[in-house]
Amino acid sequence: METKIRAKQKPSLYFSVKQKRKIIDDYLQSGKSKQQIWKEYTGDHKERGKMLKWMRQLGYVEGTVIKKAPSFYMEKKPTASKPVILPLRDEGSFKLQKLQQELNDSHLREQSYLLMIEVAERELKINIRKKLYTK
């Protein structure tokens, strides 16, 4: 008969509340990292966030974690230019702005036509504008 070799299984890591408090107090008082304390008490190299979870459960840390965008952690984010912040516009203000732009364009067009007429009258030495008192 063949014997099967099983891989060694790690014992389950269950800690009572008293043990959790002792580990957390040791972490807070010793100045060691969480990984060092975890290795000291469990023999495992990776802590995987258990101590922080315990600290939240037992009231050592208040609040919840707010996850931030990965770009927050970058020291110097390369940017081509500063981002342009556009104001929020509703439909009415957009139409009003468009009408004002059209009014400005028509005013400029009128001024250019008047200037062309003046130049033509001066160069050709004839009256181009309509005379008001014609028969």
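All of these numbers come straight from a predicted model, not from anything done at the bench.

### Structural notes on helix α4 (residues 91-124)
- A rise of 1.5 Å per residue sets the reference length of α4, with its 34 residues, at 50 Å; its end C-alpha atoms lie 49 Å apart and thus fit the reference within 8%.
- Note on α4: the residue one or two positions beyond its end, K125, has a positive phi of about 55°.

### Here we look at the side chain of K20
- With respect to the helices, strands and loops of the structure, K20 is situated in helix α1 (residues 17-30).
- Among buried Asp, Glu, Lys and Arg side chains, K20 stands out as unpaired, with E47 the closest opposite charge at 12 Å.
- Every residue in contact with K20, bar those within four places of it in the chain, is listed here: F15, W54, Q57 and L58.

### Some points on the packing of helix α2 (residues 34-42) against helix α3 (residues 50-57)
- Look at α2 against α3: their axes get within 10 Å of each other, and the N-to-C directions meet at 95°. By the angle class used here, α2 and α3 are roughly perpendicular. The residues of α3 that touch α2, namely those facing K34, I37 and W38, are K50, M51, L52 and W54.
- Grouping the constituent residues of the contact of α2 with α3 by class yields 5 nonpolar, no polar and 2 charged.

About the thresholds
Residues numbered from 1 in each chain as written. Predicted model: local features only at pLDDT ≥ 70, side-chain atom pairs only at ≥ 80, totals over all residues. Heavy atoms only, no water. Helix = DSSP H or I, 4+ residues; strand = E, 2+ residues; numbered from the N terminus. Expected span 1.5 Å × (residues − 1). Buried < 20%, exposed > 50% of the residue type's maximum accessible area, 1.4 Å probe, protein only. Lys, Arg positive; Asp, Glu negative; His and termini not counted. Salt bridge = Lys/Arg side-chain N within 4 Å of Asp/Glu carboxyl O. Contact = heavy atoms within 4.5 Å. Axes fitted to C-alpha atoms, helices over the stretch in contact; angles between N-to-C directions. Parallel < 35°, antiparallel > 145°, perpendicular 65-115°, else oblique. Nonpolar A, V, L, I, M, F, W, Y, C, P; charged D, E, K, R; others polar.

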